[in-house]
Amino acid sequence: MTESTAARKPRRSAGSKAAGTTGTKAAGTTGAKAGTGKRTTRTTGTTRTAARKGTEPELVQLLTPEGERVEDAAHAEYASYVAGITPEELRGLYRDMVLTRRFDAEATALQRQGELGLWASLLGQEAAQIGSGRATREDDYVFPTYREHGVAWCRGVDPTNLLGMFRGVNHGGWDPNSNNFHLYTIVIGSQALHATGYAMGVAKDGADSGVIAYFGDGASSQGDVSEAFNFAAVYNAPVVFFCQNNQWAISESNEKQTRVPLYQRAQGFGFPGVRVDGNDVLASLAVTRWALDRARRGEGPALIEAFTYRMGAHTTSDDPSRYRHDDERAAWEAKDPILRLRRFLESAHHTDEGFFAELEAESEALGKRVREVVRAMPDPDRFAIFENVYADGHALVDEERAQFAAYQASFADAEGV
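Residues numbered from 1 in each chain as written. Predicted model: local features only at pLDDT ≥ 70, side-chain atom pairs only at ≥ 80, totals over all residues. Heavy atoms only, no water.

Caption draft 1: Seen up close, the overall build of the protein. In terms of regular secondary structure, the protein is built from 14 helices and ten strands. Taken over 417 residues, the protein has a buried fraction of 52%. Taking as baseline every contact in the protein between residues at least 6 positions apart, the subset at least 24 positions apart corresponds to 74%. About 18700 Å² of surface is accessible on the protein, with carbon and sulfur atoms providing 51% of the total. (Helix = DSSP H or I, 4+ residues; strand = E, 2+ residues; numbered from the N terminus. Buried < 20%, exposed > 50% of the residue type's maximum accessible area, 1.4 Å probe, protein only. Contact = heavy atoms within 4.5 Å. Areas by Shrake-Rupley, 256 points an atom, 1.4 Å probe, with all protein chains shown as cover.)

Next up, the structure:
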């Protein structure tokens, strides 16, 4: 059981009205598959005001793929959460995304070289993770899946610690209570229940911290997630459900997962849901700040659907070319979250070539450190998988261990021939 480390501060009444609604209209342009409506836009300098028509799902967007700031009265409440953001903070968000992507690329390469057993890439989802991760406070608690490498970065977890589990030498490599960042969860959807229970404990403690649970669009089909929604709503738990809708649950598309936009499911449980452009780091930051603030005020849960795209494979054991087309990926490449923020930084004159050069050097240094640390890790104990399965041992496990030992010995026999 994870012990609560939330600060002991009084909470406001749970009866206060929830801020925001699920009825906000769409801003800017996105690649949303759902809906058939068209939008027209008018561009003035680096700011664009969107005129919306049709029936596309509502989407919060503050930065277009072209790197232009969006002004939209319908989303003024969310925009207010990043209204005072400084050029230094914007450069920090850019740095976070670049270094997270570099770390992810190194991990993928290490798996291909046989140094890791498996890797789940976050390529394309950097804005959703960095934006939401930077919205958390130190005393908030995070429950990730197995792909939240960017959120781990924001919470101060050494990226090399993430790799021990994928190499098979540990079950996580970090103390969850040191960073209020739980161990990676492999079982699909179960962390939503863990987060809800923890949030209920936070409320009983009288703390004003928030809890955030990450999961994917595929996990939204799990019963655990629906149960978490129901418990969180009934007990007014201070939890934010952050769904990264990257369009594909391994090889199953959204169309085979749900008949309605995922954020609308929150309405049936009695709390607000918001769809945000998950490739827009400013919008992801703003909406998550809004959701966590209302949770800390005692206004209950919220669901954020970050509409994004998994650019790579589900994991390194997957081949996405078997179930999706290259033109789909190409369309999403045009909405790359890192390029989007770079365009804005450059157009607003918030940075220069020196910044990018220094960041490139830092990125190279990070890649080198990751390679060195992983290659220095010990090889995993091949027989450790059989330990601690049962407290007092089990005949079937003993039999499986003996079979595996004989299998391993066969390689030594072959080498000796």
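Caption draft 2: View of the sheet that holds strand β5 (residues 211–216). With parallel pairing, the five strands of this open sheet are ordered in space as β4-β5-β6-β10-β9. Two strands bound the open sheet, and with one partner strand each, they are β4 (141–143) and β9 (273–277). Across this sheet, the average inter-strand angle for adjacent strands is 20 degrees, counted without regard to direction. The sheet contact formed by β4 and β5 spans three bridges and is parallel. Considered in β5, the bridge of Tyr141 is made with Val211. (Pairing = 2+ DSSP bridges. Axes fitted to C-alpha atoms, helices over the stretch in contact; angles between N-to-C directions.)

Caption draft 3: Representation of the pattern of salt bridges within the structure. The full count for this structure, using the stated rule, is 25 salt bridges. Between Arg371 and Glu106 there is a salt bridge, with its nearest N and O atoms 3.1 Å apart. Of the two residues, Arg371 is situated in helix α13 (residues 353–376) and Glu106 in helix α2 (residues 87–112); the sequence distance between them amounts to 265 residues. For Asp158, the salt bridge goes to Arg369, with nearest N and O atoms at 3.4 Å. Here Asp158 is found in the loop between α4 (149–154) and α5 (159–167), whereas its partner Arg369 is found in helix α13, with 211 residues between them in sequence. Arg369 sits in the partly exposed class, given a relative accessible area of 34%. Each of Arg95, Asp96, Arg134 and Glu362 takes part in salt bridges that share partners, so that together they form one network. (Salt bridge = Lys/Arg side-chain N within 4 Å of Asp/Glu carboxyl O.)

Caption draft 4: Spatial organisation of unusual backbone geometry. Backbone geometry places Gln247, a non-glycine residue, at a positive phi of 80 degrees. As for its placement among the helices and strands, Gln247 is situated in the loop between β6 (239–245) and β7 (248–249). With a phi close to 60 degrees, Asn388 is a non-glycine residue in the positive phi region. Within the secondary structure, Asn388 sits in the loop between α13 and α14 (395–416). For Asn388, a relative accessible area of 77% gives the class exposed.

Caption draft 5: Up close: the packing of aromatic side chains. Summed over the entire model, instances satisfying the criterion amount to 26 aromatic pairs. One aromatic cluster is present, built from ring pairs that chain together Phe215, Phe229, Phe241, Phe269 and Phe271. Positioned over the ring face of Trp332 is Lys335, at 3.9 Å from the centre of the ring. Stacked on the ring of Phe356, the Lys or Arg Arg342 has its end atom at 3.6 Å from the ring centre. (Phe/Tyr/Trp six-rings, centres within 6.5 Å; stacked < 30°, edge-to-face > 60°. Lys NZ or Arg CZ within 6 Å of the ring centre and 35° of its normal.)

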